[in-house]
Amino acid sequence: MPDAASSTPRRLTVVYNPTKVEDVAGTQQRVASVAAEHGWAEPTWVETTAEETGEKQGREAAEGGADIVASLGGDGTVRAVASALVGTDVALGLLPGGTGNLLARNLGLPVDSLEDATAAMLGGSDRRIDVGLVRVSDSPIRPRESHGTHDGGAQVDDDEEVFLVMAGLGLDGQVMAGTNEKVKAVVGWVAYVFSFFRHLFSRGFRVEVQSAGGEGVVERAGNTVNRHARTVVVGNCGTLQGGIELMPEAKLDDGILDTVVIAPKGALGWASVVSDLLTHHRAGHRRLDRLRAEEFTVNAAEPVVAEIDGDPIGEHVSLGIRVLPGALVVRVG
């Protein structure tokens, strides 16, 4: 319902990816109907392009006085719009689009109904969450260089990218890069499963993961893992598609990032990892390391495919990753 204390209807801007919305006019009508029910003004709609994927549009919407800037598209659109809102008091809204919707899933928001998601967003409340920042390099990064010359304020350095869910090197990047978009359009997130099995037994890579400003390695002493691994994933939240908890201790507002280094050997090793995940980590696995910290430096011995929030970004040697606590306001139900 409308805010009784306000005589001016609140304003919503929706930044949408036209390739992810089949019926734009119908979608606009459905969102406008829910907005009217809640006493909000007619929503403003701004589409993304191949060149401007959402950050510019989100920034202009925030500067133009929007109370909520909502993303409607894939996880890449969500990340682009969120990047514009980091460090501001303007709330990010999440409308379901694409196949992932991982941030919305981790926040417990509706992902199967546009009307339900809109109602939860407009009738909900603001919540501050952390964001992750990642810098990629094609040469090794020393741990204390991973955050460059950052001054400690709520800002993103020029060479950093925002991520909301996860960033990593290895199998996760291969899976994202190898997923067929046409298959994904037909079967949804199951397309990632097909890609996973195609890359399951590709060779791994030598990697060193160092942590700083946190708990370090959860399952044994120290703050460094040096392994021949298949994948390294750093997460701001830990639940994947299907409710799989890759990082069960990860929280969106604890000021800490969680990392897993997965290093199975052969089919039996993978079976052990899967068992660990399916039993919510009661089975345990000696070749799966978990770390929790404010900063991470990931240095591979060779270029490896990397990804940020599910978007492959090519092959890189190193990632410098840190958390920016409470930097993003998100609208939750």
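Everything discussed here concerns the structure shown above.
Residues numbered from 1 in each chain as written. Predicted model: local features only at pLDDT ≥ 70, side-chain atom pairs only at ≥ 80, totals over all residues. Heavy atoms only, no water.

Q: How should the pattern of salt bridges be read in this particular structure?
A: Opposite charge on two side chains allows them to pair when their charged atoms are near. In the structure shown here, the tally under the stated rule is 14 salt bridges. The salt bridge involving arginine 128 is made with aspartate 89; its shortest N-O contact spans 2.6 Å. Here arginine 128 is found in strand E5 (residues 125–137), whereas its partner aspartate 89 is found in the loop between helix H3 (75–85) and strand E4 (91–95), with 39 residues between them in sequence. Here arginine 227 and aspartate 289 are joined by a salt bridge, their closest N and O atoms 2.5 Å apart. Note that arginine 227 is positioned in strand E10 (residues 224–229) and aspartate 289 in strand E13 (residues 288–293), a separation of 62 residues in sequence. Residues arginine 227 and aspartate 289 agree in their burial class; the two are buried. Residues participating in the shared-partner salt-bridge network are Glu249, Asp254, Asp258 and Arg292. (Salt bridge = Lys/Arg side-chain N within 4 Å of Asp/Glu carboxyl O. Helix = DSSP H or I, 4+ residues; strand = E, 2+ residues; numbered from the N terminus. Buried < 20%, exposed > 50% of the residue type's maximum accessible area, 1.4 Å probe, protein only.)

Q: Help me out: how do you make sense of the pairing of strand E8 (residues 205–212) in this one?
A: A regular strand carries its side chains on alternate faces of the sheet. Pairing between E8 and E10: 6 bridges, direction antiparallel. Within E10, the position partnered with valine 209 by the bridge is valine 225. Pairing between E8 and strand E14 (residues 295–308): 6 bridges, direction antiparallel. Pairing of glutamine 210 across the sheet is with threonine 297, part of E14. (Pairing = 2+ DSSP bridges.)

Q: In this structure, what is going on with H3? I would like to understand it.
A: Because the α-helix completes a turn every 3.6 residues, residues three or four places apart line up on one side. Here H3 lies mainly inside the structure; 9 of its 11 residues are buried. Listed in full, the buried residues belonging to H3 are Thr77, Val78, Arg79, Ala80, Val81, Ala82, Ser83, Ala84 and Leu85. Just past H3, the residue glycine 87 takes up positive phi, approximately 85°.

Q: What exactly am I supposed to notice about the packing of aromatic side chains here?
A: Aromatic rings in a pair are described by how distant their centres are and how their planes are angled relative to each other. Within the structure shown, the criterion is met by 1 aromatic pair. Judged by centre distance (5.7 Å) and plane angle (70°), the rings of tyrosine 16 and tryptophan 45 are edge-to-face. Of this pair, tyrosine 16 sits in strand E1 (residues 12–16) while tryptophan 45 sits in strand E2 (residues 44–47), placing them 29 residues apart in sequence. Residue class for tyrosine 16 comes out buried when judged on its relative accessible area of 7%. (Phe/Tyr/Trp six-rings, centres within 6.5 Å; stacked < 30°, edge-to-face > 60°.)

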